[in-house]
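# Results of the structural survey
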Amino acid sequence: VQLQASGGGLVQAGGSLRLSCAASGSRFSRNTMAWYRQAPGKQRELVARITSGGNTNYADSVKGRFTISRDNAKNTVYLQMNSLKPEDTAVYYCNAFIIATTENAWGKGTQVTVSS
């Protein structure tokens, strides 16, 4: 599985961005997909996760502001980020937990910068 993330950029506090992650492979719908982020000097943390059945969970810090979704027909997972805060500034990574092999796949990160 190869993952290609896009949609990062610079936005003012209170603004919105939508990240996209396109995945290769024919079994996308079976995999749990997630977004992680890593800010400078901090550990990578889970932002949001969506299972093959559409169940979602979020970090407390983004609940009510971020929404993860998936389009299995397009092999793509999205992260809609609203009401962005400076503390959301980080490199965001797309992750796939591959059910068939119980392995994790990572995409290259996309930078999100929120100015105050």
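Predicted model, so just to flag it, every value in this text is computed and none were measured. (Residues numbered from 1 in each chain as written. Predicted model: local features only at pLDDT ≥ 70, side-chain atom pairs only at ≥ 80, totals over all residues. Heavy atoms only, no water.)

With that settled, the discussion passes to the overall build of the protein chain. Helix and strand counts for the protein chain come out as zero helices and 11 strands. Mapped in sequence order, the helices and strands of the protein chain form the string β-β-β-β-β-β-β-β-β-β-β. Its C-alpha radius of gyration of 13 Å places the protein chain within 12% of the 13 Å reference for a compact globule of 116 residues. By principal-axis analysis of the C-alpha atoms, the protein chain measures approximately 45 × 25 × 20 Å. Here the protein chain, with 116 residues, has 41% of them falling under the buried criterion. (Helix = DSSP H or I, 4+ residues; strand = E, 2+ residues; numbered from the N terminus. Rg over C-alpha atoms; globule rule 2.2 N^0.38 Å. Buried < 20%, exposed > 50% of the residue type's maximum accessible area, 1.4 Å probe, protein only.)

An order of S1-S3-S8-S7 is seen for the four strands of this open sheet, with the pairing classed as antiparallel. Since the sheet does not close on itself, it has two edges, and those belong to strand S1 (3-6) and strand S7 (66-71), each with one partner. Within the sheet, the average angular offset between the axes of one strand and its neighbour, ignoring direction, is 15 degrees. Note: S1 against strand S3 (residues 17-23), four bridges, orientation antiparallel. Bridge assignment links Ala5 to a residue of S3, and that residue is Cys21. (Pairing = 2+ DSSP bridges. Axes fitted to C-alpha atoms, helices over the stretch in contact; angles between N-to-C directions.)

Secondary-structure assignment places Ser20 in strand S3. According to the relative accessible area criterion, Ser20 is buried, its value standing at 17%. In this structure Ser20 touches Gln4, Ala5, Ser6, Trp35, Thr76, Val77 and Tyr78, once residues within four positions along its chain are discounted. (Contact = heavy atoms within 4.5 Å.)

Nothing here speaks to function; it is geometry throughout.
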